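Structural overview
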Amino acid sequence: MRGARGWSFMVVLAAALVFACGAYAEGLKVAVIDVNKILNESEEGKTARKKIESRYEELKKKVEEKQEEAKKIKDEIDKQKIILGKEKLKEKEDALNARIAELRQMTQDAEREMQTRQGELTQEVYKSVKGKLEKVVADEKIDLVLDLAQGGVVHFNPAIDITARVQELVNKEKIGGK
């Protein structure tokens, strides 16, 4: 449903630009950009993704260690179930339940952290892209930029795609440290 409304909006917007602007619409300079491509393929985007993946591996290792601890307790309970008294068995089961609860909490915390970090790092890269986009728009006097990632673009002339130019500026900034 959302896609249909977005498509309808783009059609109405395009029609309004053509009919309402009259002669100006003929001189309208439109460009297309794929922000997701820049976020995924630029050096800055790749660096951000590596940071996220590195932290993910750290968190995954911690969770796996807790899982192993819980598994050991469970295996111990299973092996000694018959010979343990009720009190000892209850102690071990309580310890197992505590490890499982700790593991659940750790997993939830890790998921929240990953979502937050991904959002923060993506925003940093997006700010850079936005700044470079504004520069290209001003330099080339572009009137309208459509983002392929947001949908609504069915066909476009590749000559109006400024993704590579903006990505190149993003990469130059990363390499030059500016």
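Before reading on, note that the structure itself is shown above.
Residues numbered from 1 in each chain as written. Predicted model: local features only at pLDDT ≥ 70, side-chain atom pairs only at ≥ 80, totals over all residues. Heavy atoms only, no water.

A word on the overall build of the protein
- Scanning the protein from terminus to terminus reveals 6 helices and 2 strands.
- Reading the secondary structure of the protein in the N-to-C direction produces α-α-β-α-α-α-β-α.
- Long-range pairs, those at least 24 residues apart, make up 80% of the contacts in the protein between residues at least 6 apart in sequence.
- About 12700 Å² of surface is accessible on the protein, with carbon and sulfur atoms providing 54% of the total. (Helix = DSSP H or I, 4+ residues; strand = E, 2+ residues; numbered from the N terminus. Contact = heavy atoms within 4.5 Å. Areas by Shrake-Rupley, 256 points an atom, 1.4 Å probe, with all protein chains shown as cover.)

Some details on the packing of helix α4 (residues 43-80) against helix α5 (residues 86-140)
- Where α4 meets α5, the axes come as close as 10 Å, and the angle between the chain directions of the two elements is 175°. It follows from the interaxial angle that α4 and α5 lie roughly antiparallel.
- Split into classes, the residues belonging to the contact of α4 with α5 amount to 17 nonpolar, 6 polar and 15 charged. (Axes fitted to C-alpha atoms, helices over the stretch in contact; angles between N-to-C directions. Parallel < 35°, antiparallel > 145°, perpendicular 65-115°, else oblique. Nonpolar A, V, L, I, M, F, W, Y, C, P; charged D, E, K, R; others polar.)

Considerations on a negative patch on the surface
- On the surface, a cluster of negative charge is contributed by E53, E57, E64 and E65.
- For E64, the position within the fold is in helix α4.
- Residue classification places E64 among the partly exposed positions, given a relative accessible area of 40%. (Patch = residues over 30% accessible without salt bridge, like charges linked within 9 Å, V, L, I, M, F, W, Y side chains within 5 Å. Salt bridge = Lys/Arg side-chain N within 4 Å of Asp/Glu carboxyl O. Lys, Arg positive; Asp, Glu negative; His and termini not counted. Charge placed at Lys NZ, Arg CZ, Asp CG, Glu CD. Buried < 20%, exposed > 50% of the residue type's maximum accessible area, 1.4 Å probe, protein only.)

Re the side chain of K132
- Structurally, K132 is set in helix α5.
- A polar atom in the side chain of K132 sits 2.6 Å from the side chain of E173.
- If we ignore the near neighbours within four places in the chain, the residues touching K132 are V166, L169, V170 and E173. (Polar contact = N/O pair within 3.5 Å; in protein donor to acceptor, adjacent residues only side chain to side chain.)

Examining α4
- Here α4 spans 55 Å end to end across 38 residues, near enough to the 56 Å set by a 1.5 Å rise per residue.
- Residues of α4 that are buried: E44, G45, A48, I52, R55, L59, V63, K66, A70, I73 and I77. (Expected span 1.5 Å × (residues − 1).)

Remarks on α5
- For α5, with 55 residues, the first-to-last C-alpha span of 79 Å sits near the 81 Å given by 1.5 Å per residue.
- Along α5, the residues classified as buried are L89, L96, L103, A110, M114, L121, V125, S128, V129, K132, L133 and V136.
- Downstream of α5 by a residue or two, K141 has a phi angle that is positive, lying close to 50°.

What to know about unusual backbone geometry
- Backbone geometry places K141, a non-glycine residue, at a positive phi of 50°.
- Structurally, K141 is set in the loop between α5 and β2 (144-147).

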